[in-house]
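Residue-level structural notes
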Amino acid sequence: MDQGGHATRRFDRVAASGDAMERERPVAIETPVAIEVNGLGYAVLMATPIDLDDLAYGFVLAERLVDDAGEVIDVAMHDAPGGTLLQVTLMPERHDRVADRVRHRVSESSCGLCGIENLEQALRPLPILSGRSDATPAAIVAAAAALRDHQPLAQATGATHAAALCTADGRIRMVREDVGRHNAFDKLIGAMRRSGQDWNGGFALLSSRCSFELVEKAVLANCPLLATLSAATTLALDRAAAAGLSLRTLVRGDAMLAS
């Protein structure tokens, strides 16, 4: 494993004619990342082991364990059998919130839903967004066209998602990558909170479809507009409308869907 989030593997490259040639190529690393919060086992994510500090911050914010990055005291990383252990320490005042959330989880999943015990916990009410993005359709298309140039891991492996912080005029300010679209967005949000950056009338751009979990992460991060390269699901559209989140989905070179 290297610091770029990929490893080298050997393959037979097989042509349509049936001819084969042995070659090596980079492969994205996917490994279990166990998250422990205030000493309690909380989740196991399948993730790419880069920018894990950012992942930890974004994850506890998305799980509503904290309201602000300043409530995170420490993130410690340890090698563990078969993966990585992230030990997140929150302010003591947040321990009851963590314990209550753990009681409603019966297993762990990167999607944040599969381990929830009941529908009330799975679809908790979202806050209503008050901010708005100043991005034009042309700015969103420009950012989407430039995204690939900001994805070194995807360029090397062809196997990772990206989440980008974009300005209102379509410039890409920050990108995080991961094999999981949820993890990539958590990493971006965590990196933004850790560095004190805000949306400032811009938007988030994701290389994936628009699922309801990504909508919820955007709303909880106070993101005014979420753009995705693929389409949205019904629940994503419903949750976004209820929270006042603007969506631009199925972004292509000349058009997109607006809701």
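Everything below is about the structure printed above this text.
Residues numbered from 1 in each chain as written. Predicted model: local features only at pLDDT ≥ 70, side-chain atom pairs only at ≥ 80, totals over all residues. Heavy atoms only, no water.

What about the sheet that holds strand 6 (residues 83-90)?
Within the open sheet, the four strands sit side by side as 4-3-6-5. Their pairing is mixed. Taken across any chain shown, the strands that pair with only one partner, and hence form the sheet edges, are strand 4 (40-47) and strand 5 (72-80). Each adjacent strand pair in this sheet contributes to an overall mean axis angle of 20 degrees, direction not counted. For strand 5 and strand 6, the ladder comprises eight bridges, and the chain directions are antiparallel. (Pairing = 2+ DSSP bridges. Helix = DSSP H or I, 4+ residues; strand = E, 2+ residues; numbered from the N terminus. Axes fitted to C-alpha atoms, helices over the stretch in contact; angles between N-to-C directions.)

Thoughts on unusual backbone geometry
The backbone of Arg 64 sits at a positive phi, close to 65 degrees, despite the residue not being glycine. Its place among the elements puts Arg 64 in the loop between helix 1 (52-62) and strand 5. Of note in the backbone geometry, Asn 200 takes a positive phi value of approximately 50 degrees without being a glycine. Overall, the relative accessible area of 61% leaves Asn 200 in the exposed class. (Buried < 20%, exposed > 50% of the residue type's maximum accessible area, 1.4 Å probe, protein only.)

Here's the deal with the packing of aromatic side chains
Aromatic rings considered in pairs are described by the distance between their centres and by the relative angle of their planes. Evaluation of the coordinates by the stated rule reveals one aromatic pair. Centroid distance Tyr 42 to Phe 59: 5.8 Å. Interplanar angle 85 degrees. Geometry classified as edge-to-face. Here Tyr 42 is found in strand 4, whereas its partner Phe 59 is found in helix 1, with 17 residues between them in sequence. Residue class for Tyr 42 comes out buried when judged on its relative accessible area of 1%. On the basis of relative accessibility, which here comes to 4%, the residue Phe 59 falls in the buried class. (Phe/Tyr/Trp six-rings, centres within 6.5 Å; stacked < 30°, edge-to-face > 60°.)

What is shown is where atoms sit, not what they do.
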